[in-house]
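One-letter residues, chain by chain:
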Amino acid sequence: MMTHAPAPREFVVDTRPLWIILLARGWRLGFTVLGALLYWLILSAPTPEGLSPAGQKAMAVFALCVFFWVFDVLPLMITSLMAIVMIPLSGIMTTAQAYALFGNEAVFFILGAFILAAALMKTGLSTRIALAILARFGTTPRTLLVSVLVLNALMSFAMSEHAVAAMNFPIVLEIATVLGLSARRSRYGKALFLAMAWGTTIGGVATLLGGARAPLALGMLREATGKSFSFIEWSVAIFPLVIVMLAVCYVVITTFFPIDVESVQAADDALRERSMALGRMRYKERATSAVMLATFSGWVIGGEKFGLANIAIAAVVALFVLRIVSWREIEGYVNWGVLLMYGGAICLGAAINKSGAAEWIAQVTISRWATGGPSVVLIMSFLGILLTEAMSNSAVVALLMPVSLGIAHEFGMDPRVMALVVAVPAGLAFTLPIGTPANAIAYSSGHLSMRDLVVPGAVLAVASWLTFNLVANWYWPWLGISIR
Amino acid sequence: MNDVLLLIPSNRDAPNAAREAIGMAKARGGRLAVVAVLDPEVLDRVATTLSDVGFMGERVGEQVRETLWREYRTRAEHLAQGIAEQARREGVPAEAHVEEGDPGEICNRLVPQLRIGVAVLVAERRSWLTRLLSRATLRMPALAGCEVRVIEEEG
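Residues numbered from 1 in each chain as written. Chains lettered and ligands numbered in written order. Predicted model: local features only at pLDDT ≥ 70, side-chain atom pairs only at ≥ 80, totals over all residues.

(A) Structural view of the overall build of chain B. Scanning chain B from N- to C-terminus turns up five helices and six strands. Starting at the N terminus and ending at the C terminus, chain B contains elements arranged as β-α-β-α-α-β-α-β-α-β-β. Restricting the contact set of chain B to residue pairs at least 6 apart, pairs at least 24 apart contribute 81%. (Helix = DSSP H or I, 4+ residues; strand = E, 2+ residues; numbered from the N terminus. Contact = placed C-beta atoms within 7 Å.)

(B) Quick peek at the overall build of chain A. For chain A, the count of helices and strands is 22 helices and two strands. Viewed in the frame of its principal axes, chain A has a C-alpha envelope of about 70 × 70 × 45 Å. When burial is assessed residue by residue, chain A has 54% of its 484 residues classed as buried. Across chain A, every contact between residues at least 6 apart in sequence was considered, and the portion connecting residues at least 24 apart equals 82%. (Buried ≥ 20, exposed ≤ 12 C-beta atoms within 10 Å, placed from the backbone.)

(C) Molecular detail of the environment of Ile232 of chain A. Among the structural elements, Ile232 of chain A can be located in helix 11 (residues 231-256). Sequence separation of Ile232 of chain A and Lys284 of chain A is 52 residues, and the distance between their C-alpha atoms is 28 Å.

(D) Broad picture of the environment of Ala206 of chain A. Residues and elements named next belong to chain A. Here Ala206 shows up in the loop between helix 9 (187-203) and helix 10 (213-225). Here Ala206 falls in the buried class, since 27 other C-beta atoms lie within 10 Å of it. Separated by 49 residues in the primary sequence, Ala206 and Phe157 have C-alpha atoms spaced 6.0 Å apart.

(E) Quick look at the pairing of strand 1 (residues 3-9) of chain B. All names here are of chain B. With respect to burial, strand 1 is a largely interior element, six of its seven residues being buried. Direction of pairing for strand 1 relative to strand 2 (residues 32-38): parallel, over a ladder of six bridges. Bridged to Pro9 within strand 2 is Val37. A crossover connection joins strand 1 to the parallel strand 2 through helix 1 (residues 15-28); in handedness this β-α-β unit is right-handed. (Pairing = 2+ DSSP bridges. Right-handed = clockwise from strand over helix to strand, strands pointing away.)

(F) Examining the confidence of the model for chain B more closely. Of the residues in chain B, 79% reach a pLDDT of 70 or more, and the chain-wide mean stands at 81. This prediction of the complex comes with two scores: 0.88 for pTM and 0.79 for ipTM. (pLDDT = per-residue confidence, 0-100.)

(G) A look at the packing of helix 5 (residues 105-123) of chain A against helix 14 (residues 308-321) of chain A. Residues and elements named next belong to chain A. In contact at an axis separation of 8 Å, helix 5 and helix 14 are set at 35° when each is read in the N-to-C sense. The two elements helix 5 and helix 14 cross, and the hand of that crossing is left-handed. Contact residues: helix 5 offers Glu105, Phe108, Phe109, Gly112, Ala113, Ile115, Leu116 and Ala119, while helix 14 offers Leu308, Ala309, Ala312, Ile313, Ala315, Val316 and Leu319. When grouped by side-chain class, the residues that make up the contact of helix 5 with helix 14 number 13 nonpolar, one polar and one charged. (Axes fitted to C-alpha atoms, helices over the stretch in contact; angles between N-to-C directions. Left-handed = near helix turned anticlockwise from the far one by under 90°. Nonpolar A, V, L, I, M, F, W, Y, C, P; charged D, E, K, R; others polar.)

(H) Local environment of unusual backbone geometry. Even without glycine at this site, Asp72 of chain A takes up a positive phi of about 55°. The residue Asp72 of chain A is located in the loop between helix 2 (53-70) and helix 3 (76-89) in this model. For Arg115 of chain B, which is not a glycine, the phi torsion comes out positive at approximately 55°. Within the secondary structure, Arg115 of chain B sits in the loop between helix 4 (103-113) and strand 4 (116-125).

Here it is in structure tokens:
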């Protein structure tokens, strides 16, 4: 116990370590200057052997943007816009070439996917599905926990994992309240919120829709090599990882937080009541279901023929033709900054690859340690999982993808492999609230301490790295995807 | 000036502080005012994290914020009422309040208004990991003429 005399005026005692306080106070200005210095140093250094002058300029812009992305000096999307301006100004590309890259197919695919997800949320269809599944399967503590985990994963197959976490958060909170689970004390409460967050994270890597990282990686891949994956090829390659990780996740959660409730009858009753209160499906929900089914079928069957972005945008037009949503309703559900971020990142990636800088970076970095394809996959997936814990998932893809394409060229690997090796681990953020909004939402519930998230999250991160490498080494060759 | 003010956060149990505040009110023969504080800064911090790139639109972030606010308020009411009940069972007249705003300002306003003699505040004991990763600070309000006690609680 601490006793204090009356204080003369309000003051604040910062409880963080001193070095963090000092960093927090002047870091933004300091890092802006450091970034500019880094840019100037790379630009003014003698051009290294094997690197063209355009490549050196591209590397300077790349280093500056990565520095700003990693240290969050500017909002991510503003750093991307800065890249688009700096590329033509540095003479790496013409202005017309740089801005044309902004209209990449991947950007419009992401836009379409976001608007479709917004329609799912706005019409209430996604909530209806969530309530129906939880009420149907969540009858015992164990099945309810599994249902929360699997439901969040399944929904993240079809829409942004962050949106799924935000949408299902009130439902999980209601379950915790109805069951009287004490914040920070109940092990089952912790387990439910972790299942929600980690379910969305694991499900988010399964398709091109979960986190929009995959379309970004594919957009960069296509710009650099003209190659890509179809919607179904991507999911088939990742599916074993998702299945194994969901099982591992359940084991990790229940090992760290053994179930401490006897019955979930009260939650089951509440979920059924809420589900019943929604009544019959309305026109807008039925129409949204039809549009979503048609879109998925289009992506799976005709994705390569018609183009993923074309199908997504056509589906968006259908939403408006059928008067399911209005623009006013939709615009608040879409994070428009993501599009700026992705457009800029693709432009920067193309500049790095076309100028030859990516290959040069590969030669002087990873090529010195890696001995072949499997070790490249091991190192790059490790970097992806490590970086994504502290950085935006998209920034990790923007950072690693251009370099990975250079590495693939250096080792004679199929460049398509690098899209999987970068985009999937970049989505597997389990340990920190800042890693992904799903973790932040779960943490903000007040049911979890930092330790509850970090320790089992670290176990899961290691498990996901090992599983990813096993899948890459043993399963992908069956599909004709060679990492050697 | 025999009354005791207990200021607690909205979503953390504070058994040590509650025990101390009830004991002090009983010893002084005064009343106990239990105030659970909803600090908007905490939610703003969450909202900032949620608006990170990749998150769906500001409306979704706002919905999460509203959900959290309702939840925190419910918990705050429950916590404050629970401590007030406990105090009454021990023969101490007590009342529970939930206030929204900066804890320091709330404390400064309530001390003269309720003629408080002692203010009991809660400090969360944090692990090295939490201290390293979160930016929580401990606020000490100015309370002229009022004794301040800070009780540590498990994080």
